[in-house]
Amino acid sequence: MTVAEAIAKRYSCRAYQDKPIEQEKLDKIFEAARMAPSAKNLQDWRFVVATDKQCKQQVAECTNHPNAFGQAAALIAACSVCKDTMRCGQQIAPIDVSIALEHIALTATELGLATCWIGSFDAEKVRQVLAIPKEVVIIELMALGYPANGKRQTTREPVKNFVCFDKWNF
Ligand SMILES: Cc1cc2nc3c(=O)[nH]c(=O)nc-3n(C[C@H](O)[C@H](O)[C@H](O)COP(=O)(O)O)c2cc1C
């Protein structure tokens, strides 16, 4: 599968099969995260992967779709150990972790799995469930598993609405 095909095929999946993910696939997925670029090559991402049924359900209860995300074979808590900002003023942590997470999402797609980014969650509850230290920032959750449905088309703006050349022209 080409990168373009994986990008086109990826979608936010909110229904999963009750089927575990093979270790070989998990290895490929986290290898893709490992290869992500990061500011100053800090590689500050840390992933806590809930696969135990009870632990997973407890994490799912912290989200906006507990039933749907509780079905996924894995719920990934994507964290960062970096508190730095870049010279441009932006925080490193959410950017580095997000790039690695999208590597995960696209690789999962290539392997016949599906994902969903989850920003609607109670971070302090997730911290408790997964014993994540207080100095670690929890950036996002991601559901990962075999899909129980197909891609639902979502809309996108045409490129001309968000790209201009040489000077701001929107
Ligand atoms: C940073 C981020 C946070 C998101 N948080 C949630 C969420 O909490 N719950 C959810 O069901 N979907 C969530 N989504 C999925 C978006 O709703 C979805 O990407 C968007 O509607 C486009 O649909 P598609 O991914 O299927 O193309 C999130 C996506 C991103 C990128």
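Everything that follows concerns the structure shown earlier in this document.
Here the structure is a predicted model, which means the values were calculated and not measured.

Asker: So what exactly am I meant to see when it comes to the sheet that holds strand β3 (residues 114-118) here?
Answerer: Strand pairing in a sheet takes place through backbone hydrogen bonds and is either antiparallel or parallel in direction. What the four strands build is an open sheet, ordered β1-β2-β4-β3; its pairing is antiparallel. Strands at the two margins of the open sheet, each flanked by one partner only, are β1 (45-50) and β3. Ignoring which end each strand starts from, the neighbouring axes of this sheet average 25° apart. As paired strands, strand β2 (residues 74-80) and strand β4 (residues 137-145) are joined by seven bridges and run antiparallel to one another. In the strand pairing of β4, A74 is matched with L144. The sheet contacts of helix α5 (residues 92-110) involve β1, β2, β3 and β4, and relative to β4 the element is tilted by about 5°. Contacts from helix α6 (residues 123-130) reach β1, β2 and β4 within the one sheet, and its direction differs from that of β4 by about 70°.

Asker: Looking at this structure, how should I read the pairing of β2?
Answerer: Within a regular beta strand, the side chains point alternately toward one face of the sheet and then the other, so they alternate between its two faces. Counting buried residues in β2 gives seven out of seven residues, a clear majority hidden from the surface. With burial as the criterion, each face of β2 is covered, one bearing A74, I76, A78 and S80 and the other bearing L75, A77 and C79. Judged from the six bridges that link them, β1 and β2 form a sheet pairing that is antiparallel. Bridge pairing in β2 places V49 opposite I76.

Asker: Which parts of the structure should I look at to understand the pairing of β4?
Answerer: Most of β4 sits inside the fold, with eight of its nine residues counted as buried. By the bridge criterion, five bridges tie β3 to β4 in an arrangement that is antiparallel. Of the residues in β4, the one forming a bridge with C116 is A143.

Asker: Whenever I open this one, the packing of aromatic side chains confuses me. Can you help?
Answerer: Within a pair of aromatic rings, the relevant descriptors are the distance that separates the centres and the angle that separates the planes. What the rule picks out here adds up to two aromatic pairs. Measuring from centroid to centroid gives 4.8 Å for W168 and F170, while their planes differ by 75°, and the two rings are edge-to-face. For the cation-ring pair, K19 lies above Y146, with the distance from its terminal atom to the ring centre recorded as 4.0 Å.

Asker: Mind showing me how you'd approach the nonpolar core here?
Answerer: Soluble globular proteins: nonpolar side chains tend toward being buried together. Counting 24 residues, the largest nonpolar core has Y16, F69, L75, V126, L130 and A143 as its most contacted members. At the level of elements, α3 (53-60), β2, β3, α6 and β4 are the ones that each hand at least two residues to this core. In this structure L130 touches V48, A50, C55, V59 and A77, once residues within four positions along its chain are discounted. Of all hydrophobic cores here, the second largest spans 23 residues; its members include A78, L101, I139 and M142.

Asker: So what exactly am I meant to see when it comes to the site of the ligand here?
Answerer: Neighbouring the ligand are 15 residues; S12, R14, G119, S120 and R156 lie closest to it. At a separation of 3.3 Å, a nitrogen atom of the ligand approaches a polar backbone atom of W117. Here an oxygen atom of the ligand and a side-chain polar atom of R156 are 2.9 Å apart. The biggest single contributor to the shell around the ligand is β3, with three residues. For the shell around the ligand, a count of residues per class yields five nonpolar, six polar and four charged.

Rules of the game
In every chain, residue numbers begin from 1 and rise along the written sequence. Local features in this predicted model are restricted to residues of pLDDT 70 or higher, and side-chain atom pairs are both shown and tallied only at a pLDDT of 80 or more, whereas totals for entire chains, interfaces and linings draw on every residue. Side-chain descriptors were evaluated using all non-hydrogen atoms of the structure, hydrogens and water having been removed beforehand. At least two bridges found by DSSP between two strands are what make those strands a pair. Each helix is a run of H or I in the DSSP string that is no shorter than four residues. Each strand is a run of E no shorter than two, and both are numbered from the N terminus. A fitted line through C-alpha atoms serves as each axis, taken over the contacting stretch for helices, and the angle formed by two N-to-C directions is quoted from 0 to 180°. By definition in these notes, contact holds between two residues if any of their heavy atoms fall within 4.5 Å. Residue exposure (1.4 Å probe, protein chains only): buried if accessible area is under 20% of the type maximum, exposed if over 50%, otherwise partly exposed. Side-chain rings of Phe, Tyr and Trp (the six-membered ring for Trp) are treated as a pair once their centres are within 6.5 Å; stacked means planes under 30 degrees apart, edge-to-face means over 60, and tilted covers the remaining angles. We call a charge positioned above a ring when the Lys NZ or Arg CZ atom is no farther than 6 Å from the ring centre and deviates by at most 35 degrees from the ring normal. Among buried residues, the Ala, Val, Leu, Ile, Met, Phe, Trp, Tyr and Cys ones that are joined through side-chain atoms within 4.5 Å form a nonpolar core. Here a residue counts as near a molecule or strand whenever at least one of its heavy atoms sits within 4 Å of it. The term polar contact refers here to a pair of N or O atoms within 3.5 Å; inside protein, the definition further demands a hydrogen-donor-capable atom paired with an acceptor-capable atom, and it admits residues adjacent in sequence only when both atoms are side-chain atoms. Residues were grouped as follows: Ala, Val, Leu, Ile, Met, Phe, Trp, Tyr, Cys and Pro as nonpolar; Asp, Glu, Lys and Arg as charged; and all remaining residues, including Gly, as polar.

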